[in-house]
Amino acid sequence: MWLKSDRMDVLGKVWTARKLILVVLIPLSLLPLPLIHPTSEASCAYVLIVTAVYWVSEAVPLGAAALVPAFLYPLFGVLKSSEVAAEYCKDTTLLLIGVICLAASIEKWNLHKRIALRMVMIAGAKPGMLVLGFMCCTVFLSMWLSNTSTTAMVMPIAEAVLQQLISTGVADAQEDSDTIEAPDDDSDKEENLDKNQLELLYRRQSSCGKQELCTLSEEPDRLTQKPSQGPNGHLPQTAVSIPEPQRPAKKNSPYPTKRDHMICKCLSLSITYAATIGGLITITGTSTNLIFAEQFNSRYPEAKVINFGTWFIFSLPISIIMLVLTWVWLHCLFLGCNFRETCSLSKKRKTRREEMSERRIQEEYMKLGPISYPEVVTGIFFILMTLLWFTREPGFVPGWTSLFEKKGYRTDATVSVLLGFLLFLIPARRPWPLASTDKDESSVKEQDSDPLAPMITWKDFQKLMPWEIVILVGGGYALAAGCKVSGLSVWIGRQLEPMSGLPPWAVTLLACLLVSTVTEFASNPATLTVFLPILSTLSETLKINPLHTLIPSTMCVSFGVMLPVGNPPNAIVFSYGHVQISDMVKAGFGVNLIGVLVVMLAIMTWGVPLFQLTEFPVWAITSNVTNSL
């Protein structure tokens, strides 16, 4: 007995220290690889495997694991220390800095909340339309902000609406099917008159002297006083049957009815999925897009095909199709397939609960007051940054970069950093005075007493700047550079030659399924960083346009939606307690499948003429020859 207890204690201590053991054991167990085969390829493979294991297992923080190439490459003679250091700050780092400046201004002045509430007000409070409204505003915000920030911003608004839904459901759950009829419809008047007569008869039979139906909390007392008073016995039996299914739900669950719980699940999960879908649309929408853009442009500097405009044109239809199909999937899974009942746009028939929810949303919007001067400035910068990105090199017409003599010097990061820098200079207070009760003045005074206080401060920027992602992206660039210089990518390509008999679509599908599976258990940026060099080499070996495999894989790596650990938005939604892991797995599997199919459809249809995917490009041939040398 004592031996068994001691053994359990030892196992418990080992399990507690599993991450530390993994950190020490993995490098030591793999050390014979560069010692027995002292080549650049073996040394680079050692560094790549150690870093990948640290990332996948999360034995150390992702940012710390990304620093492993910074000291192992120089130690093994793969890259000089100065060469490795140059990989940790690229053009995309500056692009991210500028976007975070704009995101800090949006969050500081509550512009995101105004956009979200306005879009939900337009959608209405019908369950199906409410979910669609929240999904649309989440997709729009996630295009420009990080998926995690967007989910953290939108989820509290959704939670307020859900709490209002739950609180009104306790008192009037029996009125879910009752509606407020419009006075301009004759048939509705007749139905309303019949219903009023039934309610009057109900009140007379139950001796309830109030002007409206008794609530569920009052129903048990009334029934015990007068168990049967109807002449035919039907009405009291109907009254008895109303509260029965509600009592256990009220005791065992915080939700008035099972349908309320389903609405909470559907709305919560829709927000995290919408954040993922919105992040696909722009290069800056998620860190994986930035990783792909920088690694692709570094590996194929002559390509000149990936920019904000081309990515947007390709990914926007994907996101729209995914948004619609995901909404339909969640609706059928949690709310049923009766779209006519839950998605009616008619304002003639509304339940009391829907009216209460709409009133709560309007109250939240009214609390924001009239649009303020800082919100206007932020909105102008938001539109200006988007326009400058689109018109830099649109492709079908000369962009504004053609106005400059030297070509290739200005990128999307140039625009991003310029506008982000201006937000540190422009005062948040209106330059011309208005009424003393102006909301602009009062809000700015609360923020800072300095009359020339800027739109954002460095503290505002630091709160949102994801330095861990910056270092992680830099570590990925360093790994890619080491694979290229050491010749490891060429060696991997030779091992993949047996796959040359597969058609391009089959190779792409296998890559999408592989990365979408791995990313459920590992972080999205780490997964993509490991697979990008391998897939690039595979494409060059099989003479396939690298974009044919790299773009779909980049998008599918974001579909880690089946588990709370898949990505931070999942964890945020899961923390609110409306969904269980089984709900997330069941719903996420459908979303994952939808995503892979839609991405495959896109790369086989409108992606072909957009990126000339039918031919092996010259810039890929040049890169392949350079790597071989």
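Each chain carries its own residue numbering, running from 1 in the direction its sequence is written. Local features in this predicted model are restricted to residues of pLDDT 70 or higher, and side-chain atom pairs are both shown and tallied only at a pLDDT of 80 or more, whereas totals for entire chains, interfaces and linings draw on every residue. Here the side-chain values reflect all heavy atoms present in the structure, with hydrogen atoms and water set aside.

- Identification of the protein as Solute carrier family 13 member 4 from Anguilla anguilla is taken from an unreviewed UniProt entry.
- UniProt positions are given in the numbering used here, feature names are shortened, and annotations may be inferred rather than shown by experiment. UniProt, in the comment section headed Subcellular location (unreviewed entry), describes the protein in these words: "Membrane".
- The annotation that UniProt attaches to the protein under Sequence similarities (unreviewed entry) is "Belongs to the SLC13A/DASS transporter (TC 2.A.47) family. NADC subfamily."

Remarks on the overall build of the protein
Item 1. Helix and strand assignments come from DSSP, with helices taken as H or I runs of at least 4 residues and strands as E runs of at least 2, each series counted from the N terminus. When its secondary structure is counted, the protein shows 33 helices and 0 strands.
Item 2. For the exposure calls, accessible area comes from a 1.4 Å probe over protein chains only, and a residue counts as buried if that area is under 20% of its type's maximum, exposed if over 50%, partly exposed in between. Sorting the 629 residues of the protein into buried and exposed places 52% on the buried side.
Item 3. The contact criterion used is simple: two residues touch if any of their non-hydrogen atoms lie within 4.5 Å. Taking the intrachain contacts of the protein between residues at least 6 apart in sequence as the baseline, contacts between residues at least 24 apart amount to 79%.
Item 4. The Shrake-Rupley method, run with a 1.4 Å probe sphere, supplies the accessible areas, and residue values consider only the shown protein chains as cover. By element, 65% of the accessible surface of the protein is carried by carbon and sulfur atoms, the whole surface being about 29900 Å².

Quick look at the side chain of Ser 268
Item 1. One can find Ser 268 in helix α16 (residues 258–279).
Item 2. Other than its neighbours up to four places away in sequence, Ser 268 contacts Met 155, Leu 162, Val 573, His 578 and Val 579.

Here's the deal with the packing of aromatic side chains
Between two aromatic rings, the relevant description is the distance of the centres plus the angle of the planes.
Item 1. Centre distance within 6.5 Å is the pairing criterion for rings of Phe, Tyr and Trp, where only the six-membered ring of Trp is used; planes under 30 degrees apart are then read as stacked, over 60 as edge-to-face, and the remainder as tilted. A complete count under the given rule lists 14 aromatic pairs for this structure.
Item 2. Ring centres 5.4 Å apart and planes at 65° place the aromatic pair Tyr 46 and Phe 76 in the edge-to-face group. One end of the pair, Tyr 46, is in helix α4 (residues 40–57); the other, Phe 76, is in helix α6 (residues 68–76), with 30 residues separating them in the sequence.
Item 3. Here Phe 76 falls in the partly exposed class, since its relative accessible area comes to 27%.
Item 4. Centre to centre, the rings of Trp 458 and Phe 461 are 4.7 Å apart; their planes meet at 40°, and the pair counts as tilted. Linking Trp 458 with Phe 461, this pair stays in helix α24 (residues 458–464), spanning 3 residues, or about one helical turn.
Item 5. Every member of this aromatic cluster is reached through a ring pair, and the members are Phe 292, Phe 296, Tyr 300, Trp 311 and Trp 619.

Digging into helix α17 (residues 287–299)
Item 1. Helix length check: α17 (13 residues) gives 18 Å between terminal C-alpha atoms against 18 Å at 1.5 Å per residue, within 8%.
Item 2. Among the 13 residues that make up α17, 11 are buried, leaving the element largely enclosed by the rest of the structure.
Item 3. Looking at α17, one finds that the buried residues are Ser 287, Thr 288, Asn 289, Leu 290, Ile 291, Phe 292, Ala 293, Glu 294, Gln 295, Phe 296 and Arg 299. In a helix, the anticipated span is given by 1.5 Å times the number of residues less one.

A look at the nonpolar core
Item 1. As used here, the term nonpolar core means buried Ala, Val, Leu, Ile, Met, Phe, Trp, Tyr and Cys residues forming a set that is joined through side-chain atoms within 4.5 Å. Counting residues in hydrophobic clusters, the biggest one holds 125 residues, and the most contacted among them are Phe 134, Phe 292, Phe 296, Ile 306 and Leu 547.
Item 2. The next biggest cluster of nonpolar side chains, apart from the first, holds 28 residues, and it includes Leu 62, Ala 66, Tyr 73 and Ala 478.

As for a nonpolar patch on the surface
Item 1. Judged by side-chain polarity, Val 10, Val 14, Ile 21 and Leu 25 come together as a nonpolar surface patch covering roughly 330 Å² of accessible area.
Item 2. Mapped by element, the contributors of at least two residues to the nonpolar patch are α1 (2–16) and α2 (18–30).
Item 3. In this structure, Leu 25 sits in helix α2. To count toward a patch, a residue needs a relative accessible area over 30% and no salt bridge; like charges are then connected within 9 Å, while nonpolar side chains (Val, Leu, Ile, Met, Phe, Trp, Tyr) are connected within 5 Å. Salt bridges are counted wherever a side-chain nitrogen of Lys or Arg sits within 4 Å of a carboxyl oxygen of Asp or Glu.

Some points on the pattern of salt bridges
Opposite charge on two side chains makes pairing possible when the charged atoms of those side chains draw close.
Item 1. With the rule as written, the count across this model stands at 4 salt bridges.
Item 2. A salt bridge links Glu 540 to Arg 299; the shortest N-O distance between them is 3.1 Å. Taken together, the residues Glu 540 in helix α28 (residues 524–541) and Arg 299 in helix α17 connect sequence positions 241 residues apart.
Item 3. We classify Glu 540 as buried; its relative accessible area is 2%.

Focus: the confidence of the model for the protein
Item 1. The share of residues in the protein with pLDDT of 70 or more is 76%, and the mean pLDDT across the chain is 75.
Item 2. Confidence scores labelled pLDDT are given residue by residue by the predictor and lie between 0 and 100. A low-confidence stretch, residues 170–251 (pLDDT under 50), is modelled with 82 contacts involving residues beyond four sequence positions or located in other chains.

So, the packing of helix α8 (residues 91–108) against helix α22 (residues 412–423)
Item 1. In this analysis, axes come from line fits to C-alpha atoms, helices being fitted only over the stretch in contact, and the angle between any two N-to-C directions falls in the range 0 to 180 degrees. Interhelical geometry of α8 versus α22 gives an angle of 35° and a closest axis separation of 8 Å. For the crossing formed where α8 meets α22, the hand is left-handed. From α8, Asp 91, Leu 94, Leu 95, Gly 98, Val 99, Cys 101, Leu 102 and Ser 105 reach across to α22, where they touch Asp 412, Ala 413, Ser 416, Val 417, Gly 420 and Leu 423.
Item 2. By the convention adopted, Pro, Cys, Tyr, Trp, Phe, Met, Ile, Leu, Val and Ala count as nonpolar, Lys, Arg, Asp and Glu as charged, and the other residues, Gly among them, as polar. Grouping the constituent residues of the contact of α8 with α22 by class yields 8 nonpolar, 4 polar and 2 charged. By definition, any crossing whose near helix is turned counterclockwise from its far helix by less than a right angle is left-handed, and any crossing with a clockwise turn is right-handed.

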